Amino acid sequence: MDVQELERVIQRAGRERVPLVMLTVTNNSGGGQPVSMENIQQVSAVCRSNKIPLYFDACRFAENAYFIKLREPRYESKTPKQIAQEMFSYGDGCTMSAKKDGMANIGGFLCTNDDLLAQQEKDLLILTEGYPTYGGLAGRDLEAIAVGLQEALEEDYLRYRIASTAYLGNHIAQEGVPIVQPPGGHAIYIDARTFLPHVPIDEFPGVTLAAELYLEGGIRSVEIGSLMFGAAAKMDLVRLAIPRRVYTQSHIDYVVEMILEVWKKRDSIRGLKLLYQAPFLRHFTARMAPVE
Ligand SMILES: Cc1ncc(COP(=O)(O)O)c(C=O)c1O
């Protein structure tokens, strides 16, 4: 997170209008890159001095911890679990979509170190989802999360996970496909503005490329760019997120092959226009068609 910008936002808005700061580890809209321990500490210090709680969007906490181990010399002899524990010690709570580093099929949870807030949340939970002992989830899903959180921190698993994502990134990058470098943990992000320089931004190069990958090889990806963020988008990326423990190397080789087929014919690909957009979160339900 840009710490100076955070300070400016708090100053501009007034600390009483900032109920919490949310730090997403790893950075999902910025190429799946990890957040460094130093940055976490700095964000935490700004939050603490302004008495604003710091929450993590922790859905990829284990991958973030492993990247810290790989890239920050001070942490090379620590386990991912020790690193994750230190990361969380700088915050006040987290949200967790357990479909990611919880290794579960469904579910998630909310954590806080504020006892009063926890009680209010538990009271509300009974009205909306169920008792805090199950929170609307089936018992087997809770057990899967409990095991998954431990397995996601195993180094053998993390090494394999990060290596297989990099395999996809490196194989397309060596043929010239522009990706965010270095490869992230859970996904490879293709830079669609560079891939399709002839498609103007108002014709959504990211969505155009995502549609083309689907038409070519049935590959489902997602735009993170102008459709998602409108005029505020600084990039048009296509995220190829890789489910954990699902694909073999030959699946990934197929994905590489399909991306390279689209790369070969990139000059003939035309942009898209919007036919329908919802008043908010338009990228989830928009309908689009090729420009004539
Ligand atoms: C960083 C991050 N947080 C939260 C979510 C949402 O998770 P869910 O699908 O469980 O609502 C996602 C989904 O991809 C995500 O990438």
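Everything below is about the structure printed above this text.
This one's a predicted model, so the numbers in the text were calculated from it and none came from an experiment.

Participant: Looking at this structure, how should I read the layout of surface pockets?
Facilitator: Empty pockets left among the atoms are what a rolling probe the size of a water molecule brings to light. Of the volumes computed, that of the largest pocket is approximately 1400 Å³. Considering the residues around the largest pocket, the lining is formed by 43 residues, among which Arg-220, Ser-221, Val-222, Arg-239 and Ala-241 are closest to the centre. Those elements that place two or more of their residues in the lining of the largest pocket are α7 (155-173), α9 (205-217), β6 (222-224), α10 (226-229), β7 (237-241), α11 (249-264) and β9 (287-290). Viewed by domain, the lining of the largest pocket spans two of them, domain 1 (3-151) and domain 2 (155-290), each represented by three or more residues. Looking at the second largest pocket, its volume works out to about 480 Å³. In terms of lining residues, the second largest pocket is bounded by 17 residues, among which Gly-108, Phe-109, Leu-110, Leu-125 and Pro-132 are the most central. Breaking the lining of the second largest pocket down by element, the ones donating at least two residues are β4 (108-112), α5 (115-128) and α6 (139-151). Across the lining of the second largest pocket, the residue classes break down as eleven nonpolar, four polar and two charged.

Participant: Looking at this model, I keep getting lost on the sheet that holds strand β3 (residues 93-97). Mind explaining?
Facilitator: Backbone hydrogen bonds hold the strands of a sheet together, and the pairing may be parallel or antiparallel. Strand order in the open sheet made by the four strands is β1-β2-β3-β4, with mixed pairing throughout. The open sheet has two edge strands with one neighbour each: β1 (21-24) and β4. Averaged over all pairs of adjacent strands, the angle between strand axes in this sheet comes to 15°, irrespective of strand direction.

About the criteria used
Here the residue index of a chain counts from 1 through its sequence in written order. Per-residue local features are limited, in this predicted model, to residues with pLDDT of at least 70; the limit for side-chain atom pairs, both in listing and counting, is 80 or more; totals at the level of whole chains, interfaces and linings are taken over all residues. As a rule here, side-chain values cover all heavy atoms of the structure and leave hydrogens and water aside. Definitions used for this entry: grid spacing 1 Å over protein atoms alone; cavity, a set of points where a 1.4 Å probe fits but cannot get out; pocket, an open set with protein on both sides within 12 Å along at least 5 of 7 lines; lining residue, one with an atom within 4 Å of a point. Grid points are joined across faces, edges and corners, and a volume is the space filled by probe spheres set on the points. Put simply, DSSP H or I for four residues or longer makes a helix, DSSP E for two residues or longer makes a strand, and each gets a number counted from the N terminus. What fixes the domain bounds is an automatic or database domain assignment. Residues were grouped as follows: Ala, Val, Leu, Ile, Met, Phe, Trp, Tyr, Cys and Pro as nonpolar; Asp, Glu, Lys and Arg as charged; and all remaining residues, including Gly, as polar. Whether two strands pair comes down to DSSP finding at least two bridges between them. Interaxial angles span 0 to 180 degrees and are taken between N-to-C directions of axes, which are lines fitted to C-alpha atoms, for helices over the stretch in contact.

It is worth stressing that arrangement in space is one thing and function is another; only the former is reported here.
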